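Read off the chains here:
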Amino acid sequence: MWRKTALITVCLALPAAAMAHLCNDVFVQAKDNLAVKVDVRDGQLRIGQEASFRVYLLNTMDRDIAAISLSVTSPQFTAEVKPDNMVLRTAKKGGTKGSFEVTLKRNPGVPDGKYKIDLCLFNPKNKAQVFKTLDLDSAAGVVELPKGAAVKVDGAADAAEWDKTPVCTDFYTYGKKSQYQENLPCQDQARCRLAADADNLYCLLQFGGGAGASGDQATIYVSPNTETKPVAVTIDRLTAKATCDKGTDGIEVKPSADKSTVECKIPLALLGIKGSKSFHANFTRTLAAADGKKTESYWRGNSASLQEPIVYGQFKLAE
Amino acid sequence: MSTGSSSWPSRRLALPGLALALTFLAALPALSAAGAEAVEFELAPAGEEFFAADGQAAPTPAPGPGSCLVIFRYSRLSVADLGQLALIGPDGKALPLLVEPLFEEFGRIADARMVFSLPEAEAAAGRGPFTLKWGPDTKGASSRTERIAADPAHRELYRSLRPRAGAAAGNVASIEVIADSTAEYHFLWYLLPMSMVFALLLARKLLSRGEAGPSRS
């Protein structure tokens, strides 16, 4: 009887131990692969007595999140979050984005002013287990593009044209740590800068490394919002050619003499953002070594989320 | 009336000038701020990207006895002169920093791998903040090196830096909320410049009608 009891206890304990280990790993993996977007216009919420906003989530890891909850805390506001928790299936297995709706009510006696509210994503079954997501820090951030009317597409990275533009870098690839995916920063980084005028989006692409490569391409993904499927424009720095499913009318590409830098111009209308005040963008780089082996690196998201603008960065066109 | 007619050219310049000034003042909140010149980090385990084998023989620099090497990379610099780059430790003192420039842009270092030494006893994960600062008003103890390479045979002697997490425990982020009793009417602020211009133009028209009236009679 004692042997049976011991055997049953061990059998019950083992899955719990395994689950605990898995639960801890998923919080580490979620650091870079749980996309979070706070739907607040211009990154700033203005509230009289009550206001609502949404927090969108997309799981781009290689496994599901069994339960996730959102807490919103602030001494100045009372927050109500719906739903209490949710299951987030991985996009790799068909999972779609989920959202929490947050309603904030100003507490009595709170004067007008600027305040911070804290957002925390955690495991509802164990509040000490907090999801680590760097995206949450910039989830409501919107980057303003300076007007690029002065950009001349000549392959030269002139400071006067590009110095004030935002830079998108810190690309990463994916590897395996134990049995799950791990983000690995690229040794050879790409740097992408954006500018815009009334008709065109200008892009400066700077390719680090890639010596002896048989192929080296950057792809720009653009969508007017988080719902619309993005338009992808691929720029090949070695051939100085652009490809796009919507055609290449109006696209200009000019590399530098050493082909490490490419300037390009893409009509806003082709990207579907003409007349839009803001858009969402993402970048990838596909580097093919001399032996033909390809490595794909990402600015945001991964292969499962490339078509999901919720993981992209948000940019505002100067008015 | 001679007084009115002789002051009219100055009035013509004053009204549009005033309208422009009002429009500029209204647009001031929309101007975006300049890029950051300081970033806070905390200690973290050194990632695999610092131990990638590149065929070179000796790690540079080598960790001294009783110390760790903290190796990190930052790709959003804008440093024209290494003397204007500093790493400030948790005690507020500048730490000697070796810098391997990885990418230069517009005549400035934009991306660099950096390393500094720390006593092992002070190298616990999460310790910070370590503040990387750069700019004309910054003076640091930074010097250039051709190559920084970590020794994969002694990973325990290496640490790295990661951007500092939120102030609260766990991983909590904040967004800014503006409590504004006039929030429901805030959008009317954007109508103010146009309203002022319209009012000034209307006033100008009424004044010019008033001046034309007596001369006709």
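Just above sits the structure.
Each value, and the rule that gives it
Residues numbered from 1 in each chain as written. Chains lettered and ligands numbered in written order. Predicted model: local features only at pLDDT ≥ 70, side-chain atom pairs only at ≥ 80, totals over all residues. Heavy atoms only, no water. Helix = DSSP H or I, 4+ residues; strand = E, 2+ residues; numbered from the N terminus. Core = buried A, V, L, I, M, F, W, Y, C linked by side-chain atoms within 4.5 Å. Buried < 20%, exposed > 50% of the residue type's maximum accessible area, 1.4 Å probe, protein only. Contact = heavy atoms within 4.5 Å. Lys, Arg positive; Asp, Glu negative; His and termini not counted. Salt bridge = Lys/Arg side-chain N within 4 Å of Asp/Glu carboxyl O. Polar contact = N/O pair within 3.5 Å; in protein donor to acceptor, adjacent residues only side chain to side chain. Pairing = 2+ DSSP bridges.

Colleague: Help me understand unusual backbone geometry in this model?
Modeller: Across residues other than glycine, the phi torsion is negative in most instances, and most of the peptide bonds are trans. Cis geometry marks the peptide bond from Lys82 of chain A to Pro83 of chain A; its omega dihedral reads -5°. Cis peptide bonds are those with omega within 30 degrees of zero, and the linkage from Gly128 of chain B to Pro129 of chain B qualifies with 5°. You can see Pro129 of chain B is positioned in the loop between strand E6 (108-119) and strand E7 (130-134). Notably, Asp170 of chain A is not glycine yet its phi reads approximately 65°, a positive angle. By the element assignment, Asp170 of chain A lies in the loop between strand E11 (167-168) and strand E12 (172-177). Even without glycine at this site, Phe106 of chain B takes up a positive phi of about 55°. Assignment of secondary structure puts Phe106 of chain B in the loop between strand E5 (97-105) and E6.

Colleague: Please clarify how the nonpolar core should be interpreted in this entry.
Modeller: Side chains of nonpolar character tend, in soluble globular proteins, to be buried together. Of all hydrophobic cores here, the largest spans 35 residues; its most connected members are Leu201, Ile235, Phe279 and Phe283 of chain A. The contact partners of Ile235 of chain A, leaving out residues within four places of it in the chain, are Leu205, Asp216, Gln217, Ala218, Ile220, Lys241, Ala242, Val253, Val262 and Cys264 of chain A.

Colleague: Hey, could you run me through the side chain of Glu263 of chain A in this one?
Modeller: Residues and elements named next belong to chain A. Mapping Glu263 onto the fold places it in strand E20 (residues 261-267). Comment: no salt bridge for buried Glu263; closest opposite-charge side chain is Lys152, at 8.8 Å. A distance of 2.8 Å separates a polar atom in the side chain of Glu263 from the backbone nitrogen of Asp154.

Colleague: Looking at this model, I keep getting lost on the sheet that holds E20 of chain A. Mind explaining?
Modeller: Residues and elements named next belong to chain A. Read across the open sheet, the 5 strands follow the order E11-E14-E15-E20-E19; overall the sheet is antiparallel. Strands with a single pairing partner mark the edges of an open sheet, and in this sheet they are E11 and strand E19 (252-255). With 4 bridges joining them, E19 and E20 adopt antiparallel strand pairing. When the bridges of E20 are listed, Pro255 appears paired with Val262.

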